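Architecture at a glance
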Amino acid sequence: MSDKKPLLSFNDVHVEVEGKEVVRGVTLTINAGETHAIMGPNGSGKSSLSQALMGHPSYAITRGEAFLKGESILDMDPDERSRAGLFLAFQYPLAIPGVTVANFMRSALQSHRGKDADMSDFRKLFKAEMNALGIDHVFATRYLNEGFSGGEKKRIEILQMAMLQPSVAILDETDSGLDIDALKTVAEGINRFHNDNNGILLVTHYQRLLNYVKPDYVHVMKAGHLVKSGGPELALELEDRGYDWVVGEEENQKVEV
Amino acid sequence: MATNTTTDNPIRELNSPALERGPLWIRDLRKASLESFNTTPVPPRGLHLWRYTDPEKFLLKNDVIDTAFGEHFDQAEEVELKHFEDGTLAGLVIDNGGRQIDVRLSGDLAQMGVVVMPLSEAIESHRELVEKHLYQTVNNTTGKFEAMNGALWNDGIFVYIPDNKTVERPIHLLREAGRANSAAFPRLLVVVGQNAEVTLVDEYAGGAPSTEDGFAYCNAVVELIGGQDSRTRYISLQRQGQGTISYLTHRARIAKGATMLTVPFAFGGSISKQNFGVNLNGEGANSKMVGLLFGTGRQHFDNHTMHHHSVGQTFSDIDFKVVLRDKARSAYTGLIRIDHSAKTCEAYQENRNLLLNRGTRAETIPELEILNEDVSCSHGATVGPLDEMEVFYLMARGIAREEAVRMIVSGYVRSTITMAPEDLQERLSAVIADRLGDL
Ligand SMILES: Nc1ncnc2c1ncn2[C@@H]1O[C@H](COP(=O)(O)OP(=O)(O)O)[C@@H](O)[C@H]1O
Ligand SMILES: [Mg+2]
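Residues numbered from 1 in each chain as written. Chains lettered and ligands numbered in written order. Predicted model: local features only at pLDDT ≥ 70, side-chain atom pairs only at ≥ 80, totals over all residues. Heavy atoms only, no water.

Topic: the overall build of chain B
Counting its regular elements, chain B contains 10 helices and 20 strands. Relative to a compact globule of 439 residues, whose C-alpha radius of gyration would be 22 Å, chain B shows 21 Å and is just as compact. Projected onto the principal axes, the alpha-carbon positions of chain B cover approximately 70 × 50 × 50 Å. Burial status across chain B gives 59% buried among its 439 residues. Excluding contacts between residues fewer than 6 apart, the proportion of contacts in chain B whose partners are at least 24 apart in sequence is 83%. Roughly 16,500 Å² of accessible area belongs to chain B as shown, and the carbon and sulfur atoms make up 47% of that amount. Of the charged side chains in chain B, 44 are positive and 58 negative; the average position of the first set lies 3 Å away from that of the second. (Helix = DSSP H or I, 4+ residues; strand = E, 2+ residues; numbered from the N terminus. Rg over C-alpha atoms; globule rule 2.2 N^0.38 Å. Buried < 20%, exposed > 50% of the residue type's maximum accessible area, 1.4 Å probe, protein only. Contact = heavy atoms within 4.5 Å. Areas by Shrake-Rupley, 256 points an atom, 1.4 Å probe, with all protein chains shown as cover. Lys, Arg positive; Asp, Glu negative; His and termini not counted. Charge placed at Lys NZ, Arg CZ, Asp CG, Glu CD.)

Description of the sheet that holds strand β8 (residues 199-204) of chain A
Residues and elements named next belong to chain A. Spatially, 6 strands are ordered β6-β7-β8-β3-β9-β10 in an open sheet, and the strand pairing comes out mixed. Of all strands in the sheet, those with a lone pairing partner are β6 (86-89) and β10 (225-230), marking the two edges. Put simply, the sheet's adjacent strands are angled 20 degrees from each other on average, direction ignored. Summarising the sheet, strand β9 (residues 217-222) and β10 pair through 5 bridges and their orientation is antiparallel. Within β10, the position partnered with Val218 by the bridge is Gly230. Across the sheet, helix α5 (residues 150-164) is in contact with β6 and β7 (168-172); its angle to β6 comes to roughly 165 degrees. Contacting β3 (35-39), β9 and β10, helix α7 (residues 233-241) crosses the sheet at an angle of about 45 degrees to β9. (Pairing = 2+ DSSP bridges. Axes fitted to C-alpha atoms, helices over the stretch in contact; angles between N-to-C directions.)

Here we look at the site of ligand 1
All names here are of chain A. With respect to spatial proximity, 13 residues lie near ligand 1, and among them Gly43, Lys46, Ser47, Ser48 and Tyr59 are the closest. The contact in question runs from an oxygen atom of ligand 1 to an N or O atom on the backbone of Gly43, over 2.7 Å. One of the backbone nitrogen or oxygen atoms of Gly45 is found 3.1 Å away from an oxygen atom of ligand 1. Here ligand 1 loses 67% of its free accessible area of 550 Å² to cover by the protein chains. Of all the elements in the fold, those that place two or more residues in the shell around ligand 1 are β2 (20-31) and α1 (46-54). Residues of the shell around ligand 1, tallied by class, amount to 4 nonpolar, 6 polar and 3 charged. (Near = heavy atom within 4 Å. Polar contact = N/O pair within 3.5 Å; in protein donor to acceptor, adjacent residues only side chain to side chain. Nonpolar A, V, L, I, M, F, W, Y, C, P; charged D, E, K, R; others polar.)

A few points about the coordination of the magnesium ion (ligand 2)
All names here are of chain A. Protein coordination at the magnesium ion (ligand 2): the donors are Ser47 (OG) and Gln91 (OE1), at 2.0 to 2.3 Å from the metal. Taken together, the residues span a long stretch of sequence, with Ser47 in helix α1 and Gln91 in the loop between β6 and α3 (101-113) at a distance of 44 residues. Among the residues examined, Gln91 registers a relative accessible area of 17% and is labelled buried. (Donors = N, O, S within 2.8 Å, 3.2 Å for Na, K, Ca; no water.)

Side note on the interface of chain A and chain B
Counting from both sides, the interface comprises 34 residues of chain A and, opposite them, 19 residues of chain B. Buried surface at the junction of chain A and chain B, both sides included, amounts to about 1,900 Å², of which 69% is carbon and sulfur. A salt bridge links Arg397 of chain B to Glu157 of chain A, with the nearest nitrogen and oxygen atoms 2.7 Å apart. Our count for the contact surface shared by chain A and chain B stands at 11 residue pairs in polar contact (both at pLDDT 80 or more). Among the elements of the structure, α1, α2 (78-84), β6, α3 and α5 of chain A are those that each provide at least two residues to the side of chain A that touches chain B. With 6 residues, the single largest contributor to the side of chain A that touches chain B is α3 of chain A. (Buried area = accessible area lost by both parts, 1.4 Å probe. Salt bridge = Lys/Arg side-chain N within 4 Å of Asp/Glu carboxyl O.)

Some words on helix α6 (residues 180-193) of chain A
An α-helical turn contains 3.6 residues, so a residue and the one three or four places further along point in the same direction. All names here are of chain A. For α6, which comprises 14 residues, the first-to-last C-alpha distance of 20 Å matches the rise-based estimate of 20 Å (1.5 Å per residue) to within 8%. Buried within α6 are the following residues: Ala182, Leu183, Thr185, Val186, Ala187, Gly189, Ile190 and Phe193. Packing partners of the buried residues in α6 comprise α4 (122-132), α5, β7 and β8. (Expected span 1.5 Å × (residues − 1).)

Points about the environment of Val23 of chain A
Residue and element names in this part refer to chain A. Here Val23 is to be found in strand β2. Through-space distance from the C-alpha of Val23 to that of Ala52 is 9.7 Å; in sequence the pair is 29 residues apart. The contact partners of Val23, leaving out residues within four places of it in the chain, are Val13, His14, Val15, Gly45, Ser48, Leu49, Met221 and Gly224.

Looking at the pairing of strand β14 (residues 286-295) of chain B
Residue and element names in this part refer to chain B. Burial runs high along β14: 8 of the 10 residues are buried. Taken together, the 6 bridges between strand β12 (residues 259-266) and β14 define a ladder with parallel strand orientation. The residue of β14 that forms the bridge with Met260 is Ser287. The sheet contact formed by β14 and strand β16 (residues 315-324) spans 10 bridges and is parallel.

Some remarks on the nonpolar core
Residues Phe126 of chain A together with Phe265 of chain B are the most contacted members of the largest nonpolar core, which totals 113 residues. The biggest single contributor to this core is helix α9 (residues 401-417) of chain B, with 8 residues. Summarising the domain contributions, this core has at least three residues from each of domain 1 (2-281) and domain 2 (387-439) of chain B. If near-sequence neighbours (up to four positions away) are discounted, Phe265 of chain B is found in contact with Ile235, Ser236, Leu237, Gln238, Leu292, Thr416, Ile417, Ala420 and Leu428 of chain B. The next biggest cluster of nonpolar side chains, apart from the first, holds 44 residues, and it includes Val159, Tyr204, Met289 and Ile318 of chain B. (Core = buried A, V, L, I, M, F, W, Y, C linked by side-chain atoms within 4.5 Å. Domains from an automatic or database assignment.)

Description of the sheet that holds β16 of chain B
All names here are of chain B. One open sheet holds the 10 strands; their spatial order is β2-β1-β5-β8-β10-β12-β14-β16-β18-β20, and the pairing between them is mixed. Each of the sheet's edge strands pairs with one partner strand only, and the pair in question is β2 (100-105) and β20 (375-385). Direction aside, neighbouring strands of the sheet carry axes that sit 5 degrees apart on average. Pairing of strand β18 (residues 345-355) with β20, which is carried by 11 bridges, proceeds in the parallel orientation. Paired with Leu354 across the strands is Gly384, a residue of β20. Against the sheet, helix α3 (residues 76-85) makes contact with β1 (91-96), β2, β5 (171-177) and β8 (197-206), and its axis sits at roughly 155 degrees relative to β1, the strand it touches most.

Topic: the packing of aromatic side chains
We describe a pair of aromatic rings using the distance from one ring centre to the other and the angle between the two ring planes. Applying the stated criterion across every chain, the model contains 14 aromatic pairs over all chains. When the ring of Phe104 of chain A is compared with that of Tyr393 of chain B, the centres are 6.0 Å apart and the planes differ by 25 degrees; the resulting orientation is stacked. Taken as a pair, Phe104 of chain A in helix α3 and Tyr393 of chain B in helix α8 (residues 388-395) lie in two separate chains rather than in one. In this structure Phe104 of chain A comes out as buried when scored by relative accessible area, which is 1%. Classification of Tyr393 of chain B as buried rests on a relative accessible area of 0%. An angle of 15 degrees between the planes, with centres 5.2 Å apart, marks the rings of Phe122 of chain A and Phe126 of chain A as stacked. With Phe122 of chain A and Phe126 of chain A both in helix α4 and 4 residues apart, the pair spans about one turn of that helix. The same class applies to Phe122 of chain A as to Phe126 of chain A, namely buried. In textbook terms, an aromatic cluster arises when at least three aromatic residues are bridged by ring pairs, as seen for Phe90 and Phe104 of chain A together with Phe392 and Tyr393 of chain B. A cation over an aromatic ring shows up here: Lys144 of chain B above the ring of Phe37 of chain B, its NZ or CZ 4.0 Å from the ring centre. (Phe/Tyr/Trp six-rings, centres within 6.5 Å; stacked < 30°, edge-to-face > 60°. Lys NZ or Arg CZ within 6 Å of the ring centre and 35° of its normal.)

This is the structure we're talking about:
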């Protein structure tokens, strides 16, 4: 284990939303170079965990710890977490009227680089990444996510990841709403981004995306718990058999009682 | 009714020389207005449109003098002079409180027969037009403070666009109110001929920058006439100093097939009460209002819009946005009136109020007087804080909270700002940036 460099690790994380505990003690470590997938049925708490890690005000981490590159993130505001190297591609990206994609991207990158940092390479970088993701340049001057299709929103999320080059990217249902061509383009974008120095956490209901982005580890989440972990073959098994057969130790115990 | 309901009569004490200005027929109109002002009681607080603002505030304090102007102090003047010189503007009028009115008009406009001149001159040279329209849409019967302007306007501006003429570039009217303890009564009459087209920016600047040395007063009246098939864009920009008590009544009447875009920006004043109204008076008339109010500090705004459909097959739409921070307040009353005989009209109204912090207050009062059933009409209003989800989304990309708020608010007002001519948008954005400067 000594050669592995933990990027994001969390331990016994509990998340509460609207007074309800929806994540109930989740532990995971993502090392540099690794891709993990959390799969699970709808409502199992995958998005809640993702949002809470990013610092969403409605999703409170009530117990446990979380570290990004060894530093606790629990007292950080979302913008600090982002600048520290954490990224979340939203399951439902919001529309921000009147704010163009280009302006937004520029502000985000400027925030990451520092207030007075040189931004003269911005246009070139931005164009190159748009090209790579097959995003028409007209999107640069459109208002962020306003009137975008589901697929367009997801591409723009990946564009943001590519521009910001985070240490750890959590991708929440990035495959949903994509047709097969878009799925391939987005998967290529993720694979291009991934290297030995960063980590990826794919959060998904289906294993579709996993055909194109190969996870090293697959975890199954049910009712707020990670109930099973395995290699990529687990995803295929889930595809075949669904989620019902997976029963965590805790649930086993409950059954016995 | 009592002949004099105000105990000490501010107008008489003011003894304004304006009362004696103009030819006899104008002096008679002024006298009638004065009489009406003196005999009309101060509106009681419960009365329509006066529930949120104390009408006494708009009566001049005894020590207010009728200031002489001539001092050029607003930086907007420099910018707009440049815009005129480089040809961005077709005309520029600098109105120093009605005391001195300087008109600049590009040569081609004069050739087209476009008239932009002090009202006092137009009364002589274009008497027929002026007599036909002045005091027609705003007069004594409108209210006490409209009568006050009707008596005391010193000089105003007259704009006339002849039939079938299109003025491509904007005409900018820059009105500068006086400093503390002064009063200004700007007046504007615009007549847009048949199938004519124009963009007017009517900017109210100057005034007292703070209440430290007392209030500055400004009471303005705007009358606009849109001829058949005419196309008018009228931008009103209120950015007077925060020690100014500001009152404005605007009425437009548009004929068959005419379109009118009214874009009020309300940024200035200590107390600002504005009333924008368009009367759709011919089939196919189309009026759109897109407003933006941004209040800071302890500013108090009371805005009213009215769409009056007096003829059938007319269309109106209002989108009035409000942003408040610090302890600013706003009351917005939006009236849609559709007459009994005005069938198959469409009328829409939306008022959104964005409150940037606790301590601000916004009221929104939709009023519908729809006197026939054969119409399509909707209205909506929201009052609330920033969407924290939007803030989170931007912060999740590394953008600090204050910057995220700035971006979201700037984005929110953007669709209104883009209704203004391009050369003005930069200044409008600067006002917004300034207001969001120290969140
Ligand atoms: N904003 C919210 N308000 C109330 N309940 C929520 C909210 N977000 C999530 N939940 C609840 O938390 C549970 C987990 O939801 P979620 O994290 O979205 O699951 P998943 O992403 O695995 O589908 C569900 O019961 C859901 O209804
Ligand atoms: Mg989810």
